[in-house]
Amino acid sequence: MSDDAGLRTPPTRLSSDYDGAISIQDKTHKRRSGVRGIGASSWLKQQNLAAPDTPNRIILADNKTWVMSLSNREYWVLEPHEDADTFPMGRDFSEDGVYPLFCQSSHRWFVIAGEAKAQMMAKLCGVDLRSENFESGAVAQTQLALVNCIIARHTIDDEDVFSVFIDQSLAEYTLEVLLDARQEFLS
Amino acid sequence: MPLGLLKYGINSDYPFDKEADLPPPADLKAQYDVVIIGGGGHGVATAYYLAKYHGITNVAVLEKGYLGGGNTARNTAVIRSNYLTPEGVKFYSASVKLFENLSNEFDFNIMYSQRGQLTLAHTDATVRSFRQRAEVNKHYGGRTELISPSDIAKLVPTLNLNPANLPVLAGLWHRDGATARHDAVAWGYARGATQRGVELHQLTEVTDVLTHGGRVTGVQTNRGVVNAGVVVQAVAGHSALLAQKAGFKLPLVAYPLQAMVTLPVKPFLTPLVSSSALHCYVQQTSRGEIVFGGGSDPYPLYNSRSSLPLKESLIASAVEMFPFLSEMRLLRQWAGITDMTSDYSPIMGLTPLENYYIDAGWGTWGFKATPICGKTMAELVASGGKVPELIQPFELDRFSRFKQVNEMGATAASH
Amino acid sequence: MKIMNCPLNGPRNISEFVYGGQVKTMPDHTLSSDSAWAEYVFYEKTEIGLVLEWWLHSPSSYWFIAERHNGSDEITRTFAPEAIFCDRVDFKTSEVPV
């Protein structure tokens, strides 16, 4: 990709360096992990991480850690300020009904910010992501340009963002699609 | 060239009244030796061969709509025999042979055009399966070979050899591949059959199948009861529904299959081209229109509606193969209901009812089998239930014996 | 685009879903006859009318059951499979192959 370098060294602040329109950052190297199973939510509580009560929600569990629910039995823990490590391998999964989920290497993580982000996503996605219908804390498991993805609306450093997770095998293609869709919103 | 064409050329009052049309509608008789349900290509072909080779002419073909108005009119007119299994190759090769001489036999131009069919491989696994298909084909007398991308470029200069970033690795070049005017095939068979005394009753819908003690006695129609010595069903997408009326089940699932055609342009594409990975096939008709079609709908439905997502993906694939197609306008689009078997082979032969024979499970591959299907079904009827060797592998009971004839790979991408 | 209501994710474009076949009761494969097994594997309900089907919401890998009219394509209801399948099904393994 031609503007590869421009993308991989994103501006330190998310959107303002891009005329307030749209920025797309690659946070794939930031820490995330998951748990699955009927005991997943109680396991999270033991780790002092609050979990959403219903599927398809994202909440701030502690200062800088987000917990996202994908069903009643599957949760992802997102730490956008921490570099990736071997978590959750270092934790105890001996309890019944809890299994680690290695979403660190299975998915790419893009963070989209800026005023026009919902407008841009409307070109690619069937779910209405405008704030009146997709408020902060909402999660959609859907498709972007026919590619399966997870979209979560939350904040990073008080900035309203979409975290987008895409399977590694199709992420490069989807990123090209995103960058192409962004074009018309740049001044 | 059919000699009939020459007659038209020197005659001043074309078309001739005596041969231009089918006989006018007649009353239904109370009894026929053979009742064929379904006036598509297969039904009228069966009637034609019954009359021609077996002297059985007290035959009625009952059609709920009009002649050849169902899947005979909706298919994309591909004729080929480059299947995978010996059973399939033998059967479809016999069909190709019959097609080659059909215009002469009918003295009626079916616009048969043997221009070859090319299937593209985009993965090593597909190349391997193509090798196997080429060998099986050659063994049974077909003309099929594996060719390289540079050969493909010479054969079809307008083809994109890297469609959707899936480079073409090889092609299965089937010289016997052909196309024909599908309506004309049904018309030719119907004309030949009715000239020999067969009755074709259009707008005659079979509403029930009458049975007694394991035998069929006749059919109930919207025009009254018709008694029959033998009944043959050849109703394509509605096969399972009709079989249910006759009291047995068929291992079929009905899926819509969508296709479309562009406005006509000058001839540029000689062979029929299909891509195994894009699930799309493209051909140019004798009239110059580009016909393209692909895989079935993603879920079953007894409905010939079309859907935008499928049309979109079909167009996307066709444009990947031939990028300039994006400049062309669509003329028509349509769908048909296909009766799919799990092994992508047909169901022909006997049923649980003694004198009731089935011709079903033609899914997306029925048109090319029209002549051989009619011929073998006629043999089956005339012999009183002795299944011809050629169609024995396709019997209904193969499913309970777990003896399927797997043609999925050779069928899915190019019908 | 046709819309289907996923019990977990709500209304979504039909292109997000994958058809998984009709809901059938699996016979005990260690005891069933060949013909009963063939019936289970190859035969579906073919009448035109409402059918119960397995569907997958592909982005979330969530399997559920839909009731759909196989002639009009109208989806009358969708629900979680737990409404039908509450217990794990185990078949005895036979000592001798049948």
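Just so it is clear, the model here is predicted, and its values are computed rather than measured. Along each chain, the written sequence defines residue order, and numbers are assigned to residues from 1. In the order they appear in the text, chains get letters beginning with A and ligands get numbers beginning with 1. Residues qualify for local features only when their pLDDT is at least 70, as the model is predicted, and side-chain atom pairs are given and counted only at 80 or more; totals for whole chains, interfaces and linings, by contrast, use all residues. Side-chain measures here rest on the full set of heavy atoms in the structure, leaving out hydrogens and waters.

### So, the overall build of chain B
Scanning chain B from N- to C-terminus turns up 13 helices and 18 strands. Its C-alpha radius of gyration of 21 Å places chain B within 12% of the 22 Å reference for a compact globule of 415 residues. A principal-axis box enclosing the C-alpha atoms of chain B has dimensions of 60 × 60 × 40 Å. Split into buried and exposed, the 415 residues of chain B put 57% on the buried side. Any two residues having at least one pair of non-hydrogen atoms within 4.5 Å are treated as being in contact. Within chain B, residue pairs in contact and separated by at least 24 positions form 76% of the contacts whose partners lie at least 6 positions apart. Counting only carbon and sulfur atoms, one obtains 53% of the accessible surface of chain B, whose full area is about 16400 Å². Secondary structure is summarised from DSSP: a helix means a run of H or I of at least four residues, a strand means a run of E of at least two, and numbering begins at the N terminus for each. Radius of gyration means the value over C-alpha atoms here, while the globule rule gives 2.2 Å times the residue count to the 0.38 power. Think of it in three bands: residues with accessible area under 20% of the maximum for their type are buried, residues over 50% are exposed, and the middle band is partly exposed, with areas taken using a 1.4 Å probe on protein chains only. Per-residue and other accessible areas follow the Shrake-Rupley method at a 1.4 Å probe size, with only the shown protein chains counted as cover for residues.

### Observations regarding the pattern of salt bridges
What counts as a salt bridge is simple: a side-chain nitrogen of Lys or Arg found within 4 Å of a carboxyl oxygen of Asp or Glu. Summed over all chains, the structure comprises 29 salt bridges over all chains. A salt bridge links B:E289 to B:R287; the nearest nitrogen and oxygen atoms lie 3.8 Å apart. When its relative accessible area of 7% is taken as the criterion, B:E289 is described as buried. In this structure, a network of salt bridges that share partners links the residues B:D297, B:R305, C:K2, C:E53, C:R68 and C:D73.

### Details of the interface of chain B and chain C
Where interface size is given, it is often the accessible area lost as the parts come together that is meant. Facing 23 residues of chain B, the contacting portion of chain C comprises 21 residues. Buried area: the accessible area, evaluated with a 1.4 Å probe, that two parts lose upon being put together, summed over both parts. Roughly 1900 Å² is buried in total at the junction of chain B and chain C, and carbon and sulfur atoms are behind 62% of that figure. In terms of surface lost to chain C, no three residues of chain B exceed B:Y299, B:Y302 and B:F402, which account for 30% of the buried area on that side. On the surface where chain B and chain C come into contact, there are two salt bridges. The partner of C:D73 in a salt bridge is B:R305, with the nearest N and O atoms 3.4 Å apart. The set of elements that each furnish at least two residues to the side of chain B that touches chain C consists of α10 (239-246) and β12 (253-262) of chain B. Top contributing element to the side of chain B that touches chain C by residue count: α10(B), with three residues. Any residue outside Ala, Val, Leu, Ile, Met, Phe, Trp, Tyr, Cys, Pro, Asp, Glu, Lys and Arg is labelled polar, Gly included; the first ten of those are nonpolar and the last four are charged. When grouped by side-chain class, the residues that make up the side of chain B that touches chain C number 16 nonpolar, five polar and two charged.

### Examining the sheet that holds strand β8 (residues 139-144) of chain A
Residue and element names in this part refer to chain A. Reading across the sheet, the five strands line up as β1-β7-β10-β9-β8 and stay open at both edges, with antiparallel pairing between neighbours. Looking along the sheet, the strands with just one partner apiece sit at the ends: β1 (23-26) and β8. Averaged over all adjacent pairs, the angle separating strand axes in this sheet is 30 degrees, with direction ignored. For two strands to be treated as a pair, DSSP must find no fewer than two bridges joining them. By the bridge criterion, seven bridges tie strand β7 (residues 107-113) to strand β10 (residues 159-167) in an arrangement that is antiparallel. Bridging from a neighbouring strand, F110 pairs with V164 of β10. Interaxial angles span 0 to 180 degrees and are taken between N-to-C directions of axes, which are lines fitted to C-alpha atoms, for helices over the stretch in contact. Each of β1, β7, β8, β9 (147-156) and β10 touches helix α5 (residues 168-182); the most contacted strand, β7, lies at about 15 degrees to it.

### Remarks on the domain arrangement of chain B
All names here are of chain B. Segmentation of chain B into domains returns domain 1 (29-75 + 183-251 + 343-411) and domain 2 (115-177 + 254-340). Note that domain bounds follow an automatic or database assignment of domains. Each of domain 1 and domain 2 was reduced to a C-alpha centroid, and the two centroids are 29 Å apart. Taken together, the contact between domain 1 and domain 2 spans 18 residues of the former and 13 residues of the latter. Overall, the association of domain 1 and domain 2 removes approximately 1100 Å² of surface from exposure, summing both partners, and the carbon and sulfur fraction of that is 55%. It is R74, G237 and T364 that lose the most area in domain 1 upon contact with domain 2, and together they represent 40% of the buried surface on that side. At the junction of domain 1 and domain 2, the tally comes to zero salt bridges. Those elements that place two or more of their residues in the side of domain 1 that touches domain 2 are α4 (71-74), α10 and α13 (408-411). For the side of domain 1 that touches domain 2, the leading source of residues is α10, giving three residues. Residue classes in the side of domain 1 that touches domain 2 are distributed as nine nonpolar, eight polar and one charged.

### With respect to the packing of helix α3 (residues 41-54) of chain B against helix α9 (residues 182-195) of chain B
All names here are of chain B. Orientation of α3 relative to α9, taken along the N-to-C sense of each, is 30 degrees, at an axis distance of 8 Å. As α3 runs across α9, the sense of the crossing is left-handed. Where α3 abuts α9, its residues G41, V44, A45, A47, Y48 and Y49 lie against A186, Y189, A190, G192 and A193. Each crossing is labelled by how the near helix is turned from the far one, with a counterclockwise turn of less than a right angle marking it left-handed and a clockwise turn marking it right-handed.

### As for the interface of chain A and chain C
The partner chain C presents ten residues to the 13 residues of chain A that form the contact. Area buried by chain A at its contact with chain C is led by A:Q141, A:Q143 and A:N148, which between them contribute 48% of it. A 3.5 Å cut-off defines polar contacts: any pair of N or O atoms within that distance qualifies, except that in protein one atom must be a possible hydrogen donor and the other a possible acceptor, and neighbouring residues in sequence count only when both atoms are side-chain atoms. Where chain A packs against chain C, one counts six residue pairs in polar contact (both at pLDDT 80 or more). Sorting the residues of the side of chain A that touches chain C by element identifies β4 (66-71), β8 and β9 of chain A as the ones contributing at least two each. Sorting elements by how many residues they give to the side of chain A that touches chain C places β8(A) first, with four residues. Its residues assigned to classes, the side of chain A that touches chain C shows six nonpolar, seven polar and no charged.

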